[in-house]
Each structure stands twice: as C-alpha cells, then as structure tokens.
Amino acid sequence: MKSAVETLNPTRVRLTVEVPFEELKDSLDAAYKKINQQVTVKGFRKGKVPARVIDQRFGRGAVLEEAVNDALPKFYTDAVNEAELSPLGQPEVDITELKDGETLNFTAEVDIRPAIEIPDYSGIEVEVDAVEVTDEDVEKSVEQLRERFASTTPVERAAEDGDVITIDLEAKVDGEVLEDGVADGVSYTIGSGELLDGIDDAVKGLEAGGEATFTSELKGGSAAGKEAEVTVKVTQVAKRELPELDDDFAQLASEFDTLEELKADSRKRLENMKQYDQATQAQERVLEKLLELVEVPVPEKLLEDEINTRKHNLEHHQLGQMGLDLAKYLEIQGKTEEEFENETREAAVKGIKTQFVLDELVKQEKLNVNQEELTEHLMRRAASSGMSPDQFAQAVVEQGQVPLLVGEVARGKALAVVVEKATVKDTNGETVDLEDDEDEAAEAETSEAAAEEKTEEKTEEKTEG
C-alpha cells in the first residue's frame, strides 16, 4: 500500500491511497465466505459453493464490492497512522479506481487536529476579586440559617406579608381547566415570589376559607407562557416566627455554644468559599489570556457539530425540564435569535480551542493521569450529576466514556501548570497564592458539608420534638 497526504487547509487533509490487488486477498476470501453463507445454489451444499460459481451466478462485482467495503477501514487507518494524523470525525471516501486483479485506489478527506505552537506563557498576568467578607455578609448567612429554623403557628386572621398559607389552586386557559392545572394543599410564603405573579396581591387580606381569582402567565407545565385565570382558595393562615438570635439559637442550629462562635464559623466558611471563587476566577482569566496567545484554526464541520449539540442539549434537556421552549427562553433572557446564535457560536469556538490548546499542553508537558486523580474527578462528577459514585462509574464504563474523563483530568492538570506560572493579583494589588486558595476551598467544601449535615440533624430533631 502507498499513501500520500495533501493539506487542503490547516484543519483538513486529503489522503490518496493505492492498494495492490494482492493485499485484498483476505477481504476477498472473507467476501466469498460471507456470500456463501447467504445464498443457496442447487447442486451444492450451503456454504460449499465454489468461487467461480458465485462469480457466474451473482457477479464478480458483488464480491468485489463486499471485499472493498471490508478492507477500506483498515487501509484508511493504516494511511492515517503512517502520516501520523489525528483525524476528527468520519472521512469522506471516494473510490477513484478499482481494477480487478490489478489495483484499488481511493481518496479520503477528513478533518484533523491542527498543529498548534504553544508560546511562552510564563508572563501571563491577571487580576481577580479580592477576598473580602463584611459583617453584612456574616449577618446574611446567619439569617439564612435562622430562616431554616423558623416555626409556624396557625392564626385566625387575614393573611399578611411573611405568613405561610396553605392553598388550593386551579388554573384555566380559554375557560378550560388544565389537566396539570389543579393543586391542593400547597404551602406558600407570602412575598417569597416562588409561585405565580399576582398571587401575593390575591391572597393578602384573605382568611381561611377565603377565595380569589387573578390572571397570571404560567411559568411551567403544559401551558407554560400562556395567560391563565387562576383561582386560589386559602385553607389555612399561619404566622411565621423566627427564633431569637442568641446563644440558645447557636446551640439549636449548630455545634457551637455561643452566637459569637457561630458567627465566627460563618465568617470563616464565607472566606473559604470566596477563596474558592477567586481560584476559579483566576483559572478562567488565565485560560482566556492563554487562548489570546495561541493561533487555533477551528474545523468548520466540528464547529457546526458542537453548535448543534449545544442547541440540542439546551432545548431538549435544560429547557425541557423547565417547561420552556427556545422562543420563550429568549424572551425571558431579552435576546434575539441572532444574538443567541452568535453567543452559541462564540462559546463553541472557545470550547474547541480550549480543548485543542490544553491537549497540546498535556502532550508538551508529558502529563499523565493516575488512578487516584481519576477517582477523585469521578466522585466530583457523580456528586454534580446527583448519582452515587458507583452508579456514575458504571454508567461511564457502559457508555465507553472513561477516555473522556481521563481527558478532562489531564486538561485540568495542564491548565494548573499554566496558572502556576502566571502572576495573579487581586483588586487590592496583593499577590494571590492559589495553592492556599485550593487548600481553603477543600476545607470549605468539607466544613460546608459538615455544617449542612449538622443543620439537617438539628432540623430533624426540632421537627421530631
């Protein structure tokens, strides 16, 4: 076999391959064997029909077609490996010549990973937000915890702002009650904005047994985005009471004995989380600077596929779960279809360039992924997907996505190499030590989980009590 490579552009090549006919022998034998198992010829046992009879009865052309279809993938792969190419996607193959007993010639056009030169990136400088936790931040955090321990007491009076009411709802569109437009026993805090526009004004002033009708645009369900006539009936009004902010509250809601200790812990956790955000911000801005330094041609077919994938995931997964279509989503976002198309294309281009550049850095820096790193990444991905690590790992293996996860970890390590060599300062002009940020982030994640677990335990104790 002989092959040659013609560069059509920085991301696409044409392979020209010449195969001597003798190299098709194995595929020809396999073709005769396959056809033998499929046909019946009088006078011959199944599977024992001679090749000359198959040629006479069914035509030599059918055998050649079967043999070529079998052989092409191997010859194409050999040509790719010989040229040391990194193909993207499936090739467009054209058989230019097939002479029985002489030769098979074909061409294959395919997109390839572009050759990328990574320049010196040690001079990258970025600015990130300073880590600042105010007293107001701490008070807000403690207040949120206090909200979780609020109690409710039924009252016999008209509903007011902040009350927790129990309601029955019925929604009609064009005079017809929607199949999914009826709900009973719904708990709602007046002023929270968690249900429908207009509901607060409708229920305020109503006592248990009171009823009101209002018009609102539905946010989800079968008639999402449509105007509906909603009837709401209040079945109970309850006053919401927050616990006093004192040492007793600290003991009720946390592992601490005093309110001051609780506030100090809240401040520490907020600092840790802001340091985590700072580290994430540094990574994003260093990556942007790196991409500005590197010239990365993007294969058009790969780009179109990526754009279509992003649109599909948005429309059929994310928006579908919210009961929205693309038109309604754009209306809510205040964007035109053209703006959405441009933003999607820009994001797709950035995603492809990022992968190309970081993959090249992995190769350049000779980075490897060990089992421990892969396991840690898998556990993080499992947590974000809402699956257990075992379930997520099984799904990854069944779908053949282990190499994808390995690639994600490797690219993360490549970016870490660049960030380590960059100069990162905060808005106060102070140099940021990102290693400390990572340690604090890990501590924040651990303490946040512990605090969450403790709060849930306390809440359950309070509820059971």
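Residues numbered from 1 in each chain as written. Predicted model: local features only at pLDDT ≥ 70, side-chain atom pairs only at ≥ 80, totals over all residues. Heavy atoms only, no water.

As recorded in an unreviewed UniProt entry, the protein goes by Trigger factor and comes from Streptomyces tunisiensis. Heading Subcellular location (unreviewed entry) of the UniProt record for the protein holds this comment: "Cytoplasm". Under the Sequence similarities (unreviewed entry) heading, UniProt states for the protein: "Belongs to the FKBP-type PPIase family. Tig subfamily." (UniProt positions renumbered as here; feature names shortened; annotations may be inferred.)

**Q** Before we go on, may I ask you to explain the overall build of the protein in this structure?
**A** Counting secondary structure elements, the protein contains 14 helices and 11 strands. Computed over the C-alpha atoms, the radius of gyration of the protein is 33 Å, more than 25% above the 23 Å expected from 2.2 N^0.38 for a compact globule of 465 residues. Considering only C-alpha atoms, the protein reaches an extent of 100 × 65 × 45 Å along its principal axes. A burial count over the protein gives 35% of its 465 residues as buried. Considering only contacts in the protein between residues 6 or more positions apart, those separated by 24 or more positions represent 69%. (Helix = DSSP H or I, 4+ residues; strand = E, 2+ residues; numbered from the N terminus. Rg over C-alpha atoms; globule rule 2.2 N^0.38 Å. Buried < 20%, exposed > 50% of the residue type's maximum accessible area, 1.4 Å probe, protein only. Contact = heavy atoms within 4.5 Å.)

**Q** Would you mind going over the side chain of T103 with me for this structure?
**A** Within the secondary structure, T103 sits in strand β4 (residues 103–112). By relative accessible area, T103 is classed as buried at 17%. Dropping the residues within four chain positions of it, T103 is found in contact with V19, F21, E97 and L98.

**Q** How do you make sense of the layout of surface pockets when you look at a structure like this?
**A** Gaps between atoms show up when a probe of the same size as a water molecule is rolled over them. Reported here for the second largest pocket is a volume of approximately 810 Å³. Lining the second largest pocket are 23 residues, with E306, G351, Q355, E408 and R411 positioned closest to its centre. Elements with a contribution of two residues or more to the lining of the second largest pocket: α7 (259–293), α8 (300–322), α10 (337–364), α11 (371–385) and α13 (402–421). Per element, the largest residue contribution to the lining of the second largest pocket is eight residues, and it comes from α10. Here the residues of the lining of the second largest pocket sort into nine nonpolar, five polar and nine charged. (1 Å grid on protein atoms, 1.4 Å probe; cavity = no way out; pocket = protein on both sides within 12 Å on 5 of 7 lines; lining within 4 Å. Points joined across faces, edges and corners; volume = space filled by probe spheres on them. Nonpolar A, V, L, I, M, F, W, Y, C, P; charged D, E, K, R; others polar.)

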